[in-house]
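Survey of secondary and tertiary structure
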Amino acid sequence: MSTAQTVEYDYDRQDATGATCTAHAWAKVPAPLAADEKARVKERIKAELKRQNAVLVAHYYVDGDLQDLAWETGGFVSDSLEMARFGRDHAAQTLIVAGVKFMGESAKILSPEKRVLMPDLDATCSLDLGCAADDFAKFCDAHPDRKVVVYANTSAAVKARADWMVTSSCALAIVNHLKAQGEKILWAPDRHLGRYIEKQTGADMLMWNGACIVHDEFKGLELDLLKKDHPEALVLVHPESPESVVNQADVVGSTSQLLKAVIESPAREFIVATDNGILHRMRQLAPGKTLIEAPTAGNSATCKSCAHCPWMAMNGLQGVLDCLEKGTGEITVDEPTRAKAKGCIDRMLDFVAANPSAITKPAQGFVPNIGAA
């Protein structure tokens, strides 16, 4: 039975004055560069990366220009864990992380000897914001009988309090492993991902009440209507989405798993329910396929499909150049916190290395009364 906590732990989107963190983020999104200026900035970045023995790693959700530049310069584009692992294993002594702050912290946790820079340190995540370390520690202290499992989208301080860190690609396997050992779970922060895992595993899970502001906005009713217009389309859903959306999915998986599904499936048309930043890479790797953004709002809203993280959007070419030329945006994690946080990450990495088959495929066919296809 679900035991979600009260809303006091949820992410406050708007204060009493009407101000929002997302409004602040959108205000800091860099303006597009003219073609000639973009070319000049990219050439300066390439020169600085080479001069400083630096490498650019980017998340699938950031601007396509940054993704392309990462590949062009020997860098990497992936999900948050693979970004950190790539940085750890690369010979570069400076890592430029285009993403959100917890990703930079993860890179620093795994590579303490390297300098980690980000285009804008204000680029954060609603899951991180909605799970303050002090409050989370009190929550854990109140339930000492449970194994603490946290999603990657959390601060270094929250990871330092955890027994395990998981990503959306390995969470099911790890929770199943813990359940088999008779463990009860304290889960944070995403309630939708937690509910999905709880439903699939039957584990005893106590939930923190957080959500991703992007995935939380997908609408089950609107998706049902869209499917009627595109009956041949496969529905790809990230498990951070509401249950009414996940229940309509043909494929449920992480960003990497959804990308893999588009590339490998014989289907020609896909409805994609995750941050629309991933469409850039999907179009590159599956150019002949039709990608449709899943609906985030009804007809009365300002946009029908506008699933993009404002903090991811804060990453831009000029920001990358600034952190290289000026040394701005450096990520620091104090050593006691880093060492504790690394423990829960290493535990996950060791499990994944020992059980590779547990995470190689996205879940398919999770619809009511059908189960896993």
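Per-chain numbering applies: the sequence of each chain, read as written, is numbered from 1 onward. Confidence filtering applies because this is a predicted model: local features only for residues at pLDDT of at least 70, side-chain atom pairs given and counted only at 80 or more, and all residues used for totals across whole chains, interfaces and linings. Only hydrogens and water are set aside; all other atoms, that is, all heavy atoms of the structure, feed into the side-chain values.

**Focus: the overall build of the chain**
Only DSSP runs of H or I covering at least 4 residues are called helices, and only runs of E covering at least 2 are called strands; the numbering of each starts at the N terminus. Along the chain, the regular secondary structure elements total 17 helices and 13 strands. A fraction of 65% describes how many contacts in the chain between residues 6 or more apart in sequence connect residues 24 or more apart. Working note: accessible area of the chain is about 15,700 Å², and carbon and sulfur atoms make up 51% of it. When checking whether two residues touch, look at their non-hydrogen atoms; a contact exists if any pair is within 4.5 Å. Calculation of accessible area relied on Shrake-Rupley with a 1.4 Å probe; when residues are assessed, cover is drawn exclusively from the protein chains displayed.

**Focus: the sheet that holds strand β6 (residues 164-166)**
Within a sheet, adjacent strands bond to each other through the backbone by hydrogen bonds, running parallel or antiparallel. The strand order across the open sheet formed by four strands is β6-β5-β7-β8, and the pairing between neighbours is parallel. Here the strands that pair on one side only, and so sit at the sheet edges, are β6 and β8 (205-207). Recorded for the sheet is a direction-independent mean angle of 30 degrees between the axes of neighbouring strands. In this sheet, β6 lies alongside strand β5 (residues 147-151) in parallel orientation, the contact comprising three bridges. Across the sheet, V150 pairs through a bridge with M165, a residue of β6. For two strands to be treated as a pair, DSSP must find at least two bridges joining them. Here an angle of 0 to 180 degrees is reported between the N-to-C directions of two axes, which are lines fitted to C-alpha atoms, with helices fitted over the stretch in contact.

**Some remarks on the packing of aromatic side chains**
Stacked, tilted and edge-to-face pairs are distinguished by plane angle, under 30 degrees for stacked and over 60 for edge-to-face with tilted covering the rest, among Phe, Tyr and Trp rings (Trp via its six-membered ring) whose centres lie within 6.5 Å. Counted by the stated rule, this structure contains five aromatic pairs. Relative to W208, the ring of F136 lies with its centre 5.7 Å away and its plane at 75 degrees, an arrangement referred to as edge-to-face. Taken together, the positions of F136 in helix α7 (residues 133-141) and W208 in the loop between β8 and α11 (220-229) put the pair 72 residues apart, joining distant regions of the chain. Among the aromatic residues, those joined into a ring-pair cluster are W71, F76 and F86.

**Quick look at the pattern of salt bridges**
Every case where a carboxyl oxygen of Asp or Glu lies within 4 Å of a side-chain nitrogen of Lys or Arg is listed as a salt bridge. Applying the stated criterion across every chain, the model contains 23 salt bridges. The shortest N-O distance in the salt bridge between E43 and K46 comes to 3.6 Å. Pair noted here: E43 and K46 are both in helix α2 (residues 35-51), with a separation of three residues, about one helical turn.

**Examining the sheet that holds strand β1 (residues 54-59)**
Judged by pairing direction, the sheet is parallel, and its four strands sit side by side in the order β2-β1-β3-β4 without closing on themselves. Every other strand in the sheet has two partners, leaving β2 (76-78) and β4 (115-117) as the edge strands with one partner each. Here the strands of the sheet are splayed against their neighbours by 20 degrees on average, with no regard to which way each runs. When β1 meets β2, the two strands line up parallel, connected through three bridges. Bridge assignment links H59 to a residue of β2, and that residue is S78. Helix α3 (residues 64-72) rests against β1, β2 and β3 (94-98) of the sheet, and its axis sits at about 140 degrees to β1.

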